[in-house]
Amino acid sequence: GGAPHRKRPRGEMVEDVIDLLAAFDGKPVAPLRTLARSNVPSRDLLRFLPGPHEVAASWVLKARVEGNGLDETIARSVFETLPKLTQPDAILHALQMVQFAPVADPTVIRPFLAVKRTLHRVWALDALSRVAPDEAVPLIEAALEDPSAAMRARARALATGQKS
């Protein structure tokens, strides 16, 4: 039953993606999960980083990299946008993606080691440990004494080699 399936023009598909990303308010992620499983190319989502839909777009890209990985060039492109992202959740998503695609340039990660937001510092340390492990060792040791419980916990996991 139902109407025969017709191939939709690419412009219509992109409009649907924009509508879906724009509708995301941080709560129900089911529509984003559907988009993550769709055949919309990841490179089409890159155009939303940075921008008003960067949280939703980064969520979808993170779900994809966690699920079955991302093309290395796409992952590198995400990490290159890190200095330009403005929304805390988008920054967090990008930093968390490094564990699944350790191809980020350490220079885009380093600034997040000194920010006020604890989770950004935690995941920046995690990311640095994957892309510049020798540089991260003394930082991990110092983080074992950090005032933040989250930072100490991540540092312990990294110090003992439990990188997940």
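Values in this document were obtained by computation on a predicted structure and should not be read as measured data.

1. Looking at the environment of Thr-81
Reasoning step 1: If you trace the backbone, Thr-81 turns up in the loop between helix H5 (72-80) and helix H6 (88-97).
Reasoning step 2: Looking at Thr-81, the relative accessible area reads 8%, which means it is buried.
Reasoning step 3: Here the alpha-carbon distance between Thr-81 and Leu-46, two residues 35 residues apart in the chain, equals 9.0 Å.

2. Some remarks on the packing of aromatic side chains
Reasoning step 1: A full pass over the atoms with the stated rule returns zero aromatic pairs.
Reasoning step 2: Between the NZ or CZ atom of Arg-154 and the centre of the ring of Trp-123, over which it lies, the distance is 4.8 Å.

3. Some remarks on the packing of helix H8 (residues 118-131) against helix H9 (residues 133-143)
Reasoning step 1: Interhelical geometry of H8 versus H9 gives an angle of 145° and a closest axis separation of 7 Å. Of the two possible hands of crossing, H8 and H9 adopt the one that is left-handed. Residues Leu-125, Leu-128, Ser-129, Arg-130 and Val-131 of H8 lie in contact with H9, whose contacting residues are Pro-133, Glu-135, Ala-136, Leu-139, Ile-140 and Ala-143.
Reasoning step 2: Partitioning the contact of H8 with H9 into residue classes produces eight nonpolar, one polar and two charged.

4. Let's talk about the confidence of the model for the protein
Reasoning step 1: When the pLDDT values of the protein are averaged, the result is 89; 88% of them are 70 or greater.
Reasoning step 2: Here helix H1 (residues 10-23) stands out as the element of the protein with the lowest mean pLDDT, 67, in contrast to helix H7 (residues 106-109), whose mean of 98 is the highest.

Cut-offs used in this document
- Residues numbered from 1 in each chain as written.
- Predicted model: local features only at pLDDT ≥ 70, side-chain atom pairs only at ≥ 80, totals over all residues.
- Heavy atoms only, no water.
- Helix = DSSP H or I, 4+ residues; strand = E, 2+ residues; numbered from the N terminus.
- Buried < 20%, exposed > 50% of the residue type's maximum accessible area, 1.4 Å probe, protein only.
- Phe/Tyr/Trp six-rings, centres within 6.5 Å; stacked < 30°, edge-to-face > 60°.
- Lys NZ or Arg CZ within 6 Å of the ring centre and 35° of its normal.
- Axes fitted to C-alpha atoms, helices over the stretch in contact; angles between N-to-C directions.
- Left-handed = near helix turned anticlockwise from the far one by under 90°.
- Contact = heavy atoms within 4.5 Å.
- Nonpolar A, V, L, I, M, F, W, Y, C, P; charged D, E, K, R; others polar.
- pLDDT = per-residue confidence, 0-100.

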